[in-house]
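# Chain and residue survey
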Amino acid sequence: MKVGDLALGDLRGRLARGDLVLNVPPFVARLRSDVARVAEDLRLLYADFTVGSPEDFADFHLEVLREGGLRRWVKPMARFFADGEPAFSQLPAEQAFHMVEWGLNWAVSTMAHPYLSYHAAALERDGRALVMPAPPGSGKSTLTAALAHRGWRLMSDEITLYDLTDRQVTGMARPVNLKNVSIDLIRQFAPQAELTDPVPDTTKGTLALMKAPAESVARIREPARPAWIVMPRYTAGAAPSLIDMPKARMLLLLAEQAFNYDLHGRQGFEATADLVDGCDCLEFQYASLDEAVQCLDQLAARS
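About the thresholds
- Residues numbered from 1 in each chain as written.
- Predicted model: local features only at pLDDT ≥ 70, side-chain atom pairs only at ≥ 80, totals over all residues.
- Heavy atoms only, no water.
- Helix = DSSP H or I, 4+ residues; strand = E, 2+ residues; numbered from the N terminus.
- Rg over C-alpha atoms; globule rule 2.2 N^0.38 Å.
- Buried < 20%, exposed > 50% of the residue type's maximum accessible area, 1.4 Å probe, protein only.
- Contact = heavy atoms within 4.5 Å.
- Areas by Shrake-Rupley, 256 points an atom, 1.4 Å probe, with all protein chains shown as cover.
- Lys, Arg positive; Asp, Glu negative; His and termini not counted.
- Charge placed at Lys NZ, Arg CZ, Asp CG, Glu CD.
- Axes fitted to C-alpha atoms, helices over the stretch in contact; angles between N-to-C directions.
- Parallel < 35°, antiparallel > 145°, perpendicular 65-115°, else oblique.
- Left-handed = near helix turned anticlockwise from the far one by under 90°.
- Nonpolar A, V, L, I, M, F, W, Y, C, P; charged D, E, K, R; others polar.
- Pairing = 2+ DSSP bridges.
- pLDDT = per-residue confidence, 0-100.
- Salt bridge = Lys/Arg side-chain N within 4 Å of Asp/Glu carboxyl O.
- Phe/Tyr/Trp six-rings, centres within 6.5 Å; stacked < 30°, edge-to-face > 60°.

### Let's talk about the overall build of the protein chain
- A tally of regular secondary structure across the protein chain gives nine helices and 18 strands.
- Relative to a compact globule of 303 residues, whose C-alpha radius of gyration would be 19 Å, the protein chain shows 19 Å and is just as compact.
- In the protein chain, buried positions account for 55% of the 303 residues.
- Of all intrachain contacts in the protein chain linking residues separated by at least 6 positions in sequence, the fraction that spans at least 24 positions is 71%.
- Of the roughly 13,000 Å² of accessible surface on the protein chain, a fraction of 51% belongs to carbon and sulfur atoms.
- Separation of charge centres in the protein chain, based on 32 positive and 39 negative side chains, amounts to 2 Å.

### What about the packing of helix α4 (residues 140-148) against helix α5 (residues 181-189)?
- At a minimum axis separation of 10 Å, α4 and α5 run at an interaxial angle of 15 degrees. Looking at the two axes, α4 sits roughly parallel to α5. The two elements α4 and α5 cross, and the hand of that crossing is right-handed. The segment α4 lies against α5, with T142, A145 and A146 engaging S182, I186 and F189.
- Class assignment for the residues of the contact of α4 with α5 results in four nonpolar, two polar and no charged.

### Section: the side chain of D163
- Looking at the element boundaries, D163 is found in strand β11 (residues 159-163).
- When sequence neighbours within four positions are dropped, the list of residues in contact with D163 reads Y115 and Q168.

### Concerning the environment of M111
- Relative to the elements of secondary structure, M111 occurs in helix α3 (residues 96-111).
- When its relative accessible area of 36% is taken as the criterion, M111 is described as partly exposed.
- Between the alpha carbons of M111 and M155 there is a distance of 20 Å; along the sequence they are 44 residues apart.
- If near-sequence neighbours (up to four positions away) are discounted, M111 is found in contact with F60 and W106.

### Details of the side chain of D41
- Mapping D41 onto the fold places it in helix α2 (residues 36-45).
- A residue is classified by how much of its surface remains accessible, and D41, at 10% relative accessible area, is buried.
- Ignoring any residue separated from it by four or fewer positions in sequence, one finds D41 in contact with F97 and T196.

### Quick look at the sheet that holds strand β15 (residues 205-210)
- The sheet built from three strands is open, its strands ordered β13-β15-β14 with antiparallel pairing. Strand pairing shows two members of the sheet lacking a second neighbour, β13 (176-179) and β14 (199-202), which therefore form its edges. Sheet twist, expressed as the average angle between the axes of neighbouring strands with direction ignored, equals 35 degrees.
- Here β13 pairs with β15 via four bridges, running antiparallel. Counterpart to N177 in the pairing with β15 is L209.
- Set on the sheet, α3 makes contact with β13, β14 and β15; between it and β15 the angle comes to about 70 degrees.

### With respect to the confidence of the model for the protein chain
- Here the protein chain averages 94 in pLDDT, and 98% of its residues register 70 or above.
- Per-element averaging of pLDDT across the protein chain places strand β6 (residues 85-86) at the bottom with 90 and strand β10 (residues 153-156) at the top with 98.

### Re the pattern of salt bridges
- Tallied over the entire structure, the rule returns 20 salt bridges.
- The partner of D184 in a salt bridge is R187, and the shortest N-O contact between them spans 3.5 Å. With D184 and R187 both in helix α5 and three residues apart, the pair spans about one turn of that helix.
- Residue D184 is classed as partly exposed on the basis of its relative accessible area of 44%.
- Within the structure, one salt-bridge network assembled from shared partners comprises E124, R153, E215, R219 and E222.

### Notes on the packing of aromatic side chains
- Across all of its chains, the model carries 10 aromatic pairs by this definition.
- Ring geometry for F27 against F60: centres 5.5 Å apart, planes inclined by 50 degrees, an arrangement best described as tilted. Of this pair, F27 sits in strand β2 (residues 27-33) while F60 is found in strand β4 (residues 60-66), placing the two residues 33 residues apart along the sequence. Taken individually, F27 and F60 each receive the classification buried, so the pair is uniform in this respect.

### Notes on unusual backbone geometry
- A cis amide bond links P25 to the next residue, P26, at an omega of 10 degrees.
- In this structure, P26 sits in the loop between β1 (20-24) and β2.
- Phi at D126 is positive, roughly 55 degrees, even though this residue is not glycine.
- With respect to the helices and strands, the residue D126 is situated in the loop between β8 (115-125) and β9 (128-133).
- Here the phi dihedral of R167 falls at roughly 60 degrees; this positive angle occurs in a residue that is not glycine.
- Relative to the helices and strands, R167 resides in the loop between β11 and β12 (169-170).
- Relative accessible area serves as the criterion here: at 24%, R167 is assigned to the partly exposed category.

Written out as structure tokens, the structure reads:
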């Protein structure tokens, strides 16, 4: 059964009881929440994901619950819990679903150590993966959302998983995080994209989440061979340009962007070195999404 097959009332009931088991391959998460909006956003964004039975094993047990007392009625607040313990500071209840997403990112990055996990986007084309590590403000998520609606398979927006054994990239095809002007940019660029209602006045500005295309979710268990590591940078008015980046510099960048690199010691270093050695390493400057997609399409076609 898929999340989209559940009636909204049923979904709310499962969340309230804490027996919603969500399959987000290669992981399973058990979710609990008493915030109504969580069910609505979950039904939109995860409609194509399957749900397990309440008795199924789960890798992560995650909760977003309303705070008690007067806060329940005056400017309601909510808090995130992992395995029954609070993990984040309380935030306005209207940000509850973003807390679910941030919490799942946190759980994967801090507990999923069979993989090397990098703060990077990943997309696939013809069996090959494009990995995009980048600092905040680089336009990574906006570019990821655009590519996902122009022939590239979305693997990840926030966390790229690199298998230490087979040296392939995998991803969970979860929603793409968009903020501020990027929200309207993607609405104009891809009118078919499904987005949540924007949430204003967060610490990151106005936020919205874009649903992964159904085909990306259907192929969620397919890994891809990494072929390109591209560091994108949005620069207003700039023509698109791809410039070779020294592999030693890219190795350092990926090590800095890895969540669990230090835990794997020498194995983590060797795996990251293999990833860099096997890929074209590039810096990418762009301003127009149309031109950016065309440029990366050409990169995939000639490689």
